[in-house]
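Overview (structure and organization)
Spelled out, the chains give:
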Amino acid sequence: MLIVGLVGYGVLQMRYAPPAQPKSLKLSVELPVPMQLALWFGDRYLAANADFFWAEMAATESLDPVEAVVYGRLLRDATDLNPYHEDSYYLTAATIPWKQGSDLNLAQEVLQQAANARQWDWMPYFFFGFNQFYFQKDYTAAAASMYRAAERAGDNSEPLTVLAGRLYSRAAPTDVAANALEMMAASSHYPPLKQYLIARAEQVRRGLALQSEVDAYIARIGRKPRSLDELAAAGIEIPVDPFGGGYRLDESGIVRVVEKK
Amino acid sequence: MQGVFPYIVATLKCGFRLRSLRAVIVVAVLLAMGSWMAAEFSPRAPATVSLDTGISLIRFVLVILALLWAQEYFAKDIERRAIYSLLSQPVSRSAYLLGRFLGVLLLLGGALLIYGAVLALVVQGELMHYGGQRPPAIGIPYLVTLLGIYIDLVVVLAFAWLITSLSVTPLLPFSLGLIFAWSAHTLGPVLNYLAGHSSEAERLAPTFQPILDLVRWLIPDLSQLDVRHLALYDLPISDAPNFVFALLLALTYSLLLLSLAGWAMERREFD
């Protein structure tokens, strides 16, 4: 009887075992912030940590579009609840801009909030500037963010200032970039860095002068020059790049710096 | 006020009984484990997250402890009719009420110091592994944070005292006290959120803002007493500009509640 009972029970259990559940969404719901606060006894710091821990567990998973939205909102909520939260902005910078179909504006919002709260921390502005440079291709804005990061960076201030200088000169030459570089040079107390920034400012100023020659040439001839050699052949002096790389024209007729290899 | 001191001593003696001490020690061990485990989830600032989670645990556990002790040392005196013998002595009812209140406050202060010290040790242990970019400050900012938690408890306890002096069942002060603490902790952060510029806040504000603005007059915003960011991120006290105001508000509110409790107690008729 025991054997019959065991076998019978076993067979029936196997037969009537509930079917395997489809993979459930890990991040299907994001509670509104007031509800999160209510759930965590009004403790915004605890609510921020809970949001972060939840997002952290999904950070390395491949997320479907719904989960990706919830993932971003969890990190945004964590930063809303505790703008000082270091892990939240770091995880945001490390994951959101790189995920397919992610919301870069949300990442920038989180980083800006962290930069405002964490006055001692250079990294939020660094990541903010990196996203402007790498994903948004806005070199002037990226350079300004890098310089803000440099102002807070203590021992790392020099390489960040150099990076800001490079980004300014990589952008289309503008007065804004040249002025910013001159201001950075004026506030630098380390002579080699000061010289470097002055040279970068000069590089931009020369690029700017060349740009006005190009614009005048276009107005005169009615088309964009094919290269700078065409300008040189027309008697226009091509300035020397203080860094030895030179200048080129892009397809829109904008002067660009060529970095020395 | 005459006759307060014996009740303080009596409450402290009860508090040092084995059962209460054991509860405090068990919670301290759980606190140490909880805050240590929370640090494991933090890639960048384990000591900060450990302190952060530990403060959250302390804040919650002490509210529960305050309400349990209010039940044990005041509400049950009434339920067990022990209050008859206490009130037959030549001291005022207010002295009894205040003596018990101060006794429980001292017990809570002791528990807070134990938990604060345990948490400080856990955080120091974390700091030995990895300090992070800006290590938390286990000094004056931490003491200020603990002071904020203590004053928060004064308010919750005073509320429980008022309800106990009015109620006939010991469960009511606990349940209403918990609802009060939850409301007073949640009110400020929700109002702050609604005052923000997110689309969700703008959607919710017209419905909830008028109600919460009214509630604000009845229940103080105890979240202003939570200044842990000073300790978590080693910030100057000027980064908590409302703290002194919040302390004074909490103390005057507690005084009001205790006065009402004393008034109700003096007029109460015991069967």
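A brief look at the structure comes next.

**Structural notes on the overall build of chain B**
Regarding its fold elements, chain B presents 10 helices and zero strands. Each helix (α) and strand (β) of chain B, taken in turn from the N terminus, gives the series α-α-α-α-α-α-α-α-α-α. Relative to the 2.2 N^0.38 estimate, which gives 18 Å for 271 residues, the radius of gyration of chain B is 20 Å and therefore close to what a compact globule would have. Seen along its three principal axes, the alpha-carbon backbone of chain B occupies a region of about 60 × 50 × 30 Å. The burial tally for chain B puts 53% of its 271 residues in the buried class. Of the roughly 12800 Å² that chain B leaves accessible, carbon and sulfur atoms contribute 71%.

**Points about helix α9 (residues 157-170) of chain A**
Residue and element names in this part refer to chain A. For α9, which comprises 14 residues, the first-to-last C-alpha distance of 20 Å matches the rise-based estimate of 20 Å (1.5 Å per residue) to within 8%. Buried within α9 are the following residues: Leu160, Thr161, Ala164, Gly165, Leu167, Tyr168 and Ser169. Looking at the packing, one finds that the buried side of α9 touches α7 (123-134), α8 (139-152), α10 (175-186), α11 (191-221) and β2 (255-257).

**Remarks on the pattern of salt bridges**
Residues and elements named next belong to chain A. The tally for this structure, following the rule as stated, stands at 16 salt bridges over all chains. We note a salt bridge from glutamate 202 to arginine 206, for which the minimum N-O separation is 2.9 Å. A residue pair is termed a helical-turn pair when its members lie 3 or 4 positions apart in one helix, as glutamate 202 and arginine 206 do in helix α11 at four residues. On the basis of relative accessibility, which here comes to 27%, the residue arginine 206 falls in the partly exposed class. In this structure, glutamate 230 and arginine 223 form a salt bridge, with 2.8 Å as the shortest nitrogen-oxygen distance. You can call glutamate 230 buried: its relative accessible area is 16%.

**Considerations on the interface of chain A and chain B**
Contact with chain A, which involves 26 residues of that partner, is made by 32 residues of chain B. Note on chain A versus chain B: buried area summed over both sides is about 2700 Å², and carbon and sulfur give 62% of it. Three residues stand out in chain A for area buried against chain B, namely Phe41, Tyr45 and Trp120 of chain A, and they jointly supply 27% of the buried area on that side. Scanning the region where chain A abuts chain B turns up two salt bridges. Residue glutamate 86 of chain A pairs with arginine 44 of chain B through a salt bridge whose shortest N-O separation is 3.2 Å. The interface formed by chain A and chain B includes 12 residue pairs in polar contact (both at pLDDT 80 or more). Sorting elements by how many residues they give to the side of chain A that touches chain B places helix α3 (residues 44-58) of chain A first, with six residues.

**A closer look at the nonpolar core**
Membership of the largest hydrophobic core comes to 76 residues, with the highest contact counts inside it found for Leu62, Trp69, Leu108, Tyr115, Leu157 and Trp161 of chain B. Counting residues in hydrophobic clusters, the runner-up holds 51 residues, among them Leu91, Leu106, Leu111 and Tyr139 of chain A.

**Points about the packing of α3 of chain A against helix α3 (residues 46-79) of chain B**
Running from N to C, α3 of chain A and α3 of chain B point in directions that differ by 125°, and their axes come no closer than 9 Å. As far as their axial angle goes, α3 of chain B and α3 of chain A are oblique. Every pair of crossing elements has a handedness; the one defined by α3 of chain A and α3 of chain B is left-handed. Across the interface between the two elements, Tyr45, Leu46, Asn49 and Phe53 of chain A of α3 of chain A pack against Val49, Asp52, Thr53 and Ser56 of chain B of α3 of chain B. Here the contact of α3 of chain A with α3 of chain B is built from residues that sort into four nonpolar, three polar and one charged.

**Remarks on unusual backbone geometry**
Residue and element names in this part refer to chain A. A positive phi angle, near 60°, is found at phenylalanine 41, a position not held by glycine. Along the polypeptide, phenylalanine 41 turns up in the loop between α2 (33-39) and α3. Even without being glycine, lysine 137 reaches a positive phi, approximately 55°. Mapping lysine 137 onto the fold places it in the loop between α7 and α8.

**What to know about helix α4 (residues 65-81) of chain A**
All names here are of chain A. With 17 residues, α4 extends 24 Å from end C-alpha to end C-alpha; this agrees with the ideal 24 Å at 1.5 Å per step. Buried within α4 we find Glu67, Val70, Tyr71, Gly72, Leu74, Leu75, Arg76, Asp77, Ala78, Thr79 and Leu81. Packing partners of the buried residues in α4 comprise α2, α3, α5 (86-95) and α6 (104-117).

**Description of the packing of aromatic side chains**
Evaluated as defined, the whole model comprises 24 aromatic pairs over all chains. With 5.0 Å between their ring centres and 20° between their planes, tyrosine 84 of chain A and tyrosine 233 of chain B make a pair best called stacked. Note that tyrosine 84 of chain A is positioned in the loop between α4 and α5 and tyrosine 233 of chain B in the loop between α9 (228-232) and α10 (243-267), a pairing that runs across two chains. Through successive ring pairs, a cluster of aromatic residues spans Tyr89, Tyr90, Trp122, Phe126 and Phe127 of chain A. Between the NZ or CZ atom of arginine 44 of chain A and the centre of the ring of tyrosine 45 of chain A, over which it lies, the distance is 4.4 Å. Just above the ring of tyrosine 90 of chain A sits the side chain of arginine 44 of chain B; from NZ or CZ to the centre is 4.3 Å.

Each value, and the rule that gives it
- Residues numbered from 1 in each chain as written.
- Chains lettered and ligands numbered in written order.
- Predicted model: local features only at pLDDT ≥ 70, side-chain atom pairs only at ≥ 80, totals over all residues.
- Heavy atoms only, no water.
- Helix = DSSP H or I, 4+ residues; strand = E, 2+ residues; numbered from the N terminus.
- Rg over C-alpha atoms; globule rule 2.2 N^0.38 Å.
- Buried < 20%, exposed > 50% of the residue type's maximum accessible area, 1.4 Å probe, protein only.
- Areas by Shrake-Rupley, 256 points an atom, 1.4 Å probe, with all protein chains shown as cover.
- Expected span 1.5 Å × (residues − 1).
- Contact = heavy atoms within 4.5 Å.
- Salt bridge = Lys/Arg side-chain N within 4 Å of Asp/Glu carboxyl O.
- Buried area = accessible area lost by both parts, 1.4 Å probe.
- Polar contact = N/O pair within 3.5 Å; in protein donor to acceptor, adjacent residues only side chain to side chain.
- Core = buried A, V, L, I, M, F, W, Y, C linked by side-chain atoms within 4.5 Å.
- Axes fitted to C-alpha atoms, helices over the stretch in contact; angles between N-to-C directions.
- Parallel < 35°, antiparallel > 145°, perpendicular 65-115°, else oblique.
- Left-handed = near helix turned anticlockwise from the far one by under 90°.
- Nonpolar A, V, L, I, M, F, W, Y, C, P; charged D, E, K, R; others polar.
- Phe/Tyr/Trp six-rings, centres within 6.5 Å; stacked < 30°, edge-to-face > 60°.
- Lys NZ or Arg CZ within 6 Å of the ring centre and 35° of its normal.

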